[in-house]
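Remarks on the overall topology
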Amino acid sequence: MLAEVHGCDGYPLNWPEYPGEWLTQPSLLAAWVAVLDGRVVGHIGLSRSGDGDAAAGLWSRREGAPVESSAVVSRLFVSPAARGHGIGARLMARAVQDAQRRALHPVLDVLAADKSAAALYERLGWTLLGTVDQRWGPTRTVTVHCYAAPA
């Protein structure tokens, strides 16, 4: 399904050599999938934040809280054939609920060019913290919007 999303939307921007490892990065706290009609149609992850996470850093400075008090929502994607069923919003709600259970504040970043994802986060009440340039590899810099979940 990730290959299908990549072919349709270009997400992830950099196709991983090992997609399974990309989905289960070492900082991962938890991950969930959505199932529709017996098929996996969506995915989301929740990871520990670190010093290199732009959204976590912006939230930390704004709130005066340690970066480690946040959690990064990541790897959200929904199969193109399953869109329009509220799956992305339900996956987001599950990740936010789990972060809050852990006493962590959810944050995320999204490519500035990904207007549909940014629109989803804003519909869900997430606050734009800022827009920054990030290095994604030795030769690529991308512009991302950083968001924090509603308090």
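Each remark here, short or long, concerns the structure printed above.
Let me begin by describing the structure that accompanies this report. Keep in mind that this is a model prediction, so the values were computed, not measured.

1. Structural notes on unusual backbone geometry
Residue Pro 12 is bonded to the preceding Tyr 11 through a cis peptide linkage, with omega at 0 degrees. Here Pro 12 lies in the loop between helix 1 (2–9) and helix 2 (19–23). In this structure, Asp 37 takes a positive phi of about 55 degrees despite not being glycine. Here Asp 37 is to be found in the loop between strand 1 (28–36) and strand 2 (39–48). Backbone geometry places Ala 103, a non-glycine residue, at a positive phi of 60 degrees. Position of Ala 103 relative to the elements: it lies in the loop between helix 4 (87–101) and strand 4 (105–111). Among the residues examined, Ala 103 registers a relative accessible area of 63% and is labelled exposed.

2. Focus: the sheet that holds strand 4
If you walk across this open sheet you meet the six strands as 1-2-3-4-6-5, and the pairing is mixed. The open sheet has two edge strands, strand 1 and strand 5 (127–135), and neither has a second partner. On average, each strand axis in the sheet is inclined to that of its neighbour by 25 degrees, with strand direction left out of account.

Parameters and conventions
Residues numbered from 1 in each chain as written. Predicted model: local features only at pLDDT ≥ 70, side-chain atom pairs only at ≥ 80, totals over all residues. Heavy atoms only, no water. Helix = DSSP H or I, 4+ residues; strand = E, 2+ residues; numbered from the N terminus. Buried < 20%, exposed > 50% of the residue type's maximum accessible area, 1.4 Å probe, protein only. Pairing = 2+ DSSP bridges. Axes fitted to C-alpha atoms, helices over the stretch in contact; angles between N-to-C directions.

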